[in-house]
Amino acid sequence: MSFELKERGNHLYKDGDYNGAEELYSQAILKNPREPTFFTNRALTRTKLEKWAGVEQDARMAIELYGQKSPHSLKSRWYLAQALLGLQRPQEAYEIAIDAYRASLAAKNSQTENLSKIVLRAKQAIWAAKETARLREMNLTLATVEQLVEADLKRALDDLQGQLDKGEIGETGFLEDQKALREDAERNIQNVREAFRIASNGEIRERVVPDYLVDGITFEIMHDPVIVPSGTSFDRIGIVKYVEQSGVDPITRTPMTVNDLRPNYALKAACEDFLTKNGWAVDW
Amino acid sequence: MFASKRLSKELIKMQEHLPPGISIVKSENLEEWQMDIKVLDDNPLYRDETYRLKFTFGSKYPIEPPEVQFIEVPSTESAPESKRPIPIHPHIYSNGIICLDLLSSAGWSPVQTVESVCMSIQSMLTANSRNERPPGDSDFVSYNRRRPRDINFLYDDDNV
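Residues numbered from 1 in each chain as written. Chains lettered and ligands numbered in written order. Predicted model: local features only at pLDDT ≥ 70, side-chain atom pairs only at ≥ 80, totals over all residues.

Per an unreviewed UniProt entry, chain B carries the name Ubiquitin-conjugating enzyme/RWD-like protein and comes from Aspergillus lucknowensis.

Under an unreviewed UniProt entry, the name given to chain A is U-box domain-containing protein, and the source organism is Aspergillus lucknowensis. As stated in UniProt under Catalytic activity (unreviewed entry), the record for chain A gives "S-ubiquitinyl-[E2 ubiquitin-conjugating enzyme]-L-cysteine + [acceptor protein]-L-lysine = [E2 ubiquitin-conjugating enzyme]-L-cysteine + N(6)-ubiquitinyl-[acceptor protein]-L-lysine." (UniProt positions renumbered as here; feature names shortened; annotations may be inferred.)

The structure is reproduced here in structure tokens:
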């Protein structure tokens, strides 16, 4: 029975045997390719293994089986956005995530917070790609050095893949080494940029987020600001939790409900503008 | 939830700047912090003393308030200045529990921070001139087993 295979897969997943779990979910799917939870479980398992291409397929399949409009598809859309980020396709990830965020908000789904985070991460990745292009355009020497680092990384990754294919290293070691190589390259590029920035005659921008863009509850830059009756804006996630629990305006303690919150579009535009120009602020 | 991220940001902010008379003693983990506070004016009740506050955060911080109370630290022979008594105040029990509206579930607001709570407690001490404990202090200290935020204090005495 296909559901028994899934059950056994879930056990392996809990024990951290992701490869084993993936195999059992795959068998379940072979027996019954119309059951969406087999795909969502395999997507989650593959997320752990960072097999992003597989996550993308599974998530898209699950979304189709649940139906685009179904709130059950929200979690799969969250997996899909993560996969697209992993596959270096941030623009697509952003579009999937922002759609799902809106749907999740309307359906009061528990995925809202996760989706809110992935929207920010996608925005950051889009910014990082643009920033890379801009910096390289500005300085050809920097572009050359960065491309050398990237070529070096690619060679090392290919070597590693070769070792895996020949069975010289296991899957776990492969993933760990792959991650370490990517992090090294990332660090090298950061160092190179820092050096070029310092040499660029005061073109270094100070990294400060203005207080009026920062949410007073989560202390993060707002991405969906709403305004309370007394006039202060907060990011939707935190203030909704607080108002649902307390029933009062956090500044004046006057009674209010979630329905009294109004979107603050001007501030939202200001936050978006700031993030577009300063992608680092997402991690701030 | 966002408790740990929010706390790490509060910490970065406080490491850059803190108001006079407030200092961080312990903030290694994001569940419990200790802060030292001093009263800055000449109030004879608190002059030349430093007091230690313990903050305990739940995973729902800052939607829910932290638990904040004074703790006593005995002095040692080698370092007599390390002594931290419990300040005398009509709203502070001798076991360190503080009766302060903004620390209760009903009075808390998520825009408060560790820093703003320290400042509120500082000014609560500064404004006091009564050398006494809350009524029923000894009974409360011997019998209370509830957690501070679950106690229904009466906040009707706004003069202190």
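Next comes the rest of the write-up.
Q: Hey, could you run me through the overall build of chain B in this one?
A: Along the backbone of chain B there are 3 helices and 4 strands. Mapped in sequence order, the helices and strands of chain B form the string α-β-β-β-β-α-α. For chain B, buried positions account for 25% of its 160 residues. In chain B, the proportion of contacts linking residues at least 24 apart, taken out of those at least 6 apart, comes to 58%. (Helix = DSSP H or I, 4+ residues; strand = E, 2+ residues; numbered from the N terminus. Buried ≥ 20, exposed ≤ 12 C-beta atoms within 10 Å, placed from the backbone. Contact = placed C-beta atoms within 7 Å.)

Q: Looking at this structure, I do not really get the overall build of chain A. What am I missing?
A: A count of helices and strands for chain A gives 11 helices and 3 strands. When the elements of chain A are put in sequence order from the N terminus, they spell out α-α-α-α-α-α-α-α-α-β-β-α-β-α. Relative to its full complement of 284 residues, chain A shows a buried share of 34%. The contacts in chain A between residues at least 6 apart in sequence include a share of 49% that link residues at least 24 apart.

Q: I'm lost on the UniProt feature "repeat: TPR" (unreviewed entry) in chain A in this one. Help?
A: Within this numbering scheme, the UniProt entry marks residues 2-35 of chain A as carrying the feature "repeat: TPR" (unreviewed entry). Counting secondary structure, residues 2-35 of chain A comes out at 79% helix and 0% strand; the distance between its end C-alpha atoms is 9 Å.

Q: Just to check I follow, could you spell out the packing of helix H8 (residues 140-165) of chain A against helix H9 (residues 171-199) of chain A for this structure?
A: Think of two packed helices as two axes; the pair is described by the angle between the axes and how far apart they sit. Residues and elements named next belong to chain A. Closest axis-to-axis distance for the H8/H9 pair is 10 Å, and the angle between their directions is 175°. Taken together, H8 and H9 sit at an angle that is classed as roughly antiparallel. Taken together, the residues of H9 that come into contact with H8 (itself represented by Leu142, Val145, Glu146, Val149, Glu150, Leu153, Ala156, Leu157, Leu160 and Leu164) are Phe174, Asp177, Gln178, Leu181, Arg182, Ala185, Asn188, Ile189, Val192 and Phe196. The residue makeup of the contact of H8 with H9, split by class, is 14 nonpolar, 2 polar and 4 charged. (Axes fitted to C-alpha atoms, helices over the stretch in contact; angles between N-to-C directions. Parallel < 35°, antiparallel > 145°, perpendicular 65-115°, else oblique. Nonpolar A, V, L, I, M, F, W, Y, C, P; charged D, E, K, R; others polar.)

Q: So what exactly am I meant to see when it comes to the interface of chain B and chain A here?
A: The extent of an interface is frequently quoted as the accessible surface area lost upon association of the parts. The interface of chain B with chain A comprises 10 residues on the first partner and 10 residues on the second. Among the residues making up the side of chain B that touches chain A, the classes are represented as 5 nonpolar, 1 polar and 4 charged.

Q: Would you mind going over unusual backbone geometry with me for this structure?
A: With an omega of 0°, the peptide bond between B:Tyr61 and B:Pro62 qualifies as cis. Its place among the elements puts B:Pro62 in the loop between strand S3 (50-56) and strand S4 (67-71). Positive phi is not limited to glycine here, since A:Arg253 has a value of about 60°. Tracing the chain through its elements places A:Arg253 in the loop between helix H10 (236-246) and strand S3 (262-263). Owing to 15 C-beta atoms within 10 Å, A:Arg253 belongs among the partly exposed residues under this scheme.

Q: What is the right way to read the packing of helix H2 (residues 18-31) of chain A against helix H3 (residues 36-48) of chain A from this model?
A: All names here are of chain A. For the pair H2 and H3, interaxial distance at closest approach is 9 Å and the crossing angle is 155°. Classified by the interaxial angle, the pair formed by H2 and H3 is roughly antiparallel. Relative to H3, the crossing made by H2 is left-handed. On H3, the residues that touch Tyr18, Ala21, Glu22, Tyr25, Ser26, Ala28 and Ile29 of H2 are Phe38, Phe39, Asn41, Arg42, Thr45, Arg46 and Lys48. When its residues are assigned to classes, the contact of H2 with H3 shows 7 nonpolar, 3 polar and 4 charged. (Left-handed = near helix turned anticlockwise from the far one by under 90°.)

Q: Just to check I follow, could you spell out the confidence of the model for chain B for this structure?
A: Predicted coordinates in areas of low pLDDT are best not read in detail. Residues and elements named next belong to chain B. The pLDDT averaged across chain B works out to 86; a share of 89% of its residues lies at or above 70. Per-element confidence in chain B ranges from a low mean pLDDT of 82 for helix H3 (residues 137-143) to a high of 95 for S3. In the predicted assembly, ipTM is 0.71 and pTM is 0.58. (pLDDT = per-residue confidence, 0-100.)

Q: What am I meant to see in the nonpolar core here?
A: The nonpolar side chains of soluble globular proteins are, as a tendency, buried together. All names here are of chain A. Residues Ala81, Ala97 and Ala122 are the most contacted members of the largest nonpolar core, which totals 39 residues. When residues of this core are traced back to their parent elements, those giving at least two are helix H1 (2-14), H2, H3, helix H4 (52-66), helix H5 (74-86), helix H6 (90-106) and helix H7 (112-138). Counting residues per element, this core draws most heavily on H5, which supplies 8 residues. (Core = buried A, V, L, I, M, F, W, Y, C linked by C-beta atoms within 7 Å.)

Q: Would you explain the sheet that holds S4(B) in this entry?
A: Strands in a sheet are paired, the pairing made by backbone hydrogen bonds, and the direction either parallel or antiparallel. Residues and elements named next belong to chain B. Ordered in space as S1-S2-S3-S4, the 4 strands form an open sheet in which the pairing is antiparallel. In this open sheet, the two strands that pair with only one neighbour each are strand S1 (22-26) and S4. Ignoring strand direction, the axes of neighbouring strands in this sheet form an average angle of 30°. Where S1 meets strand S2 (residues 32-38), 4 bridges bridge the pair, whose relative direction is antiparallel. For Lys26, the partnering residue across the bridge sits in S2 and is Gln34. On the sheet, helix H2 (residues 114-126) packs against S1, S2, S3 and S4 and is oriented at approximately 35° with respect to S2. (Pairing = 2+ DSSP bridges.)

Q: So what exactly am I meant to see when it comes to the confidence of the model for chain A here?
A: In this model, chain A carries an average pLDDT of 88, and 96% of its residues clear a pLDDT of 70 or more. Highest mean pLDDT in chain A belongs to strand S1 (residues 225-227) of chain A (96); lowest belongs to H7(A) (82).

Q: Explain the environment of B:Glu49 to me, please; I cannot follow it from the model alone.
A: Inspection of the secondary structure assignment puts B:Glu49 in the loop between S2 and S3. A sequence separation of 34 residues divides B:Glu49 from B:Lys83, and the C-alpha atoms of the two residues are 8.6 Å apart.

Q: Whenever I open this one, the sheet that holds S3(A) confuses me. Can you help?
A: Residues and elements named next belong to chain A. Across the sheet, which stays open at both edges, the 3 strands sit in the order S2-S1-S3 with antiparallel pairing between neighbours. Of all strands in the sheet, those with a lone pairing partner are strand S2 (233-235) and S3, marking the two edges. Sheet topology places S1 next to S3; 2 bridges connect them, and they run antiparallel. Bridge pairing in S3 places Val226 opposite Pro263. Across the sheet, H10 is in contact with S1 and S2; its angle to S2 comes to roughly 100°. The sheet strands contacting helix H11 (residues 265-277) are S1, S2 and S3, and the helix crosses S1 at an angle near 155°.

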